[in-house]
Amino acid sequence: MKATVIHEFGDVDVLKYEDIATPKPKPGHVLIKVLAAGVNRLDHYIREGSIVPELPFPHILGADAAGEVFELGADVTGLEVGERVIVVPGYPTDDAEADIRPTVTAPSFALPGLHITGTYAQYIEVPARAVVKDETGLSPEEVATLPVVLATAVHAVKGVGGVKTGDKVLIHAGASGSGSMQIQVAKALGADVATTVRDDAKGEFAKAAGADLVINAKTEDVVEHVKEWTGGQGADVVIDNLAGDVLAKSIEAAKAQGVVVAFGFAAGSEVSFDIRSLFFAQKQVKGSMASDIEDLEWGLAEVKAGKIKPLLDRALPLSKAAEAHRLIADSEVKGNIVLLPWAD
């Protein structure tokens, strides 16, 4: 089969399009024909060596896959060859740990593309319990934009942030894949949403995703605008996809006893803030990592109901994975980008 593989950490040119052996499904597993594979900023970080110091090279990146069942391993029930499915973006490899929640705390938790073989390939072999049936009615390209950003957005916004109807929520980087999906999840929960962007074009995209207030973080004071928007109170919940020097502003923008969810570090992994801004008003900073299968299922139900929509920027052949990574690294993607393993 064809796959895009890395043999070392490095720039986008370490992504190599190669022929490798097609896996066979073990008992209890299924072989999925990947029709489209999503590309996430996490893939970029893994490729450059920012997430883990070493990998068992050669390695295949990618956590998102929309496809169809190609072959069933022994003892698999409830699935049929040819059935459209979605690979769960992260699961315990040990069957005995399948019910541990949060899933990421299971000792054998593995994210495709990081701990185990990923989705940048024509086929991927996974446990049968690590797929959900695709009942969205969407194209594979659209579906492949969903798993990671949708499930992690539900986990961060609904689960960790506890967002509910009537809440005022600030989401940073609203035109990014994660940010734009978090906007949709918050709106589906009945919240009012403010978001930050860094140019007007991305502002229009964030509005289209459902944002009620768009703030240009390059030219406007984010905290001042949020305070004005909330009648001086601050946001109930802040989803911080950036970290770096933005986290201090996120804490400042949250209301007394508000929650800041630390979700990413696109602006830098080192942070600094005045601790008094946190504990005087009894604010909370919580981390959100990965998701549970229930998060994905809740999100897909909202997609099927038309409340959440995939935000596909473009689709490229799998052989163009390096270009996809360049676009993400340069923040030239609005929404999500996918790779097509069977395209020329």
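First things first, this report covers the structure right here in the doc. Just so it is clear, the model here is predicted, and its values are computed rather than measured. All residue numbers refer to position in the chain's written sequence, counted from 1. Thresholds applied to this predicted model are a pLDDT of at least 70 for local features of residues and 80 or more for the giving and counting of side-chain atom pairs; totals over whole chains, interfaces and linings are not thresholded and use all residues. The basis for every side-chain value is the complete set of heavy atoms in the structure, and neither hydrogens nor water enter the calculation.

## As for the sheet that holds strand 15 (residues 284–287)
If DSSP finds at least two bridges between two strands, the strands pair. Numbering goes from the N terminus for both helices and strands, where a helix is a DSSP run of H or I of at least four residues and a strand is a run of E of at least two. Reading across from one edge, 12-11-10-13-14-15 is the order of the 6 strands in this open sheet, with parallel pairing throughout. Two strands close off the open sheet at either side, each with one partner strand: strand 12 (213–216) and strand 15. In this sheet, neighbouring strand axes are inclined to one another by 20° on average, regardless of whether the strands run parallel or antiparallel. The pairing of strand 10 (residues 168–171) with strand 13 (residues 235–240) spans 3 bridges and is parallel. Bridge assignment links Ile171 to a residue of strand 13, and that residue is Ile239. Axes here refer to lines fitted to C-alpha atoms; in helices the fit is confined to the stretch in contact. Angles between the N-to-C directions go from 0 to 180 degrees.

## A few points about the pattern of salt bridges
Salt bridges are counted wherever a side-chain nitrogen of Lys or Arg sits within 4 Å of a carboxyl oxygen of Asp or Glu. Applying the stated criterion across every chain yields a total of 18 salt bridges. The partner of Glu135 in a salt bridge is Lys304, with the nearest N and O atoms 3.9 Å apart. Of the two residues, Glu135 sits in the loop between strand 9 (131–133) and helix 2 (140–143) while Lys304 sits in helix 9 (residues 293–304), which places them 169 residues apart along the sequence. Pair check on accessibility: Glu135 and Lys304 agree, each one exposed. Salt-bridge contacts for Asp236 lead to Lys255; the nearest nitrogen and oxygen are separated by 2.6 Å. Here Asp236, found in strand 13, pairs with Lys255, found in strand 14 (residues 254–262); they are 19 residues apart in sequence, far enough to count as distant. Several salt bridges share partner residues, and in doing so they unite Glu323, Arg326, Asp330 and Glu332 into one network. Burial status follows relative accessibility: with a 1.4 Å probe on protein chains alone, a residue under 20% of its type maximum counts as buried, one over 50% as exposed, and anything between as partly exposed.

## A look at the layout of surface pockets
As a volume, the second largest pocket reaches approximately 250 Å³. Among the elements that line the lining of the second largest pocket, the one with the most residues is strand 8 (residues 123–127), at 5 residues. Partitioning the lining of the second largest pocket into residue classes produces 12 nonpolar, 3 polar and 2 charged. Cavities and pockets are found on a 1 Å grid laid over the protein atoms alone: a cavity is a set of points where a 1.4 Å probe fits but cannot escape, a pocket is an open set with protein on both sides within 12 Å along at least five of seven lines, and a lining residue has an atom within 4 Å of such a point. Grid points are joined across faces, edges and corners, and a volume is the space filled by probe spheres set on the points. Gly is put with the polar residues, along with every residue not named as nonpolar or charged; the nonpolar set is Ala, Val, Leu, Ile, Met, Phe, Trp, Tyr, Cys and Pro, and the charged set is Asp, Glu, Lys and Arg.

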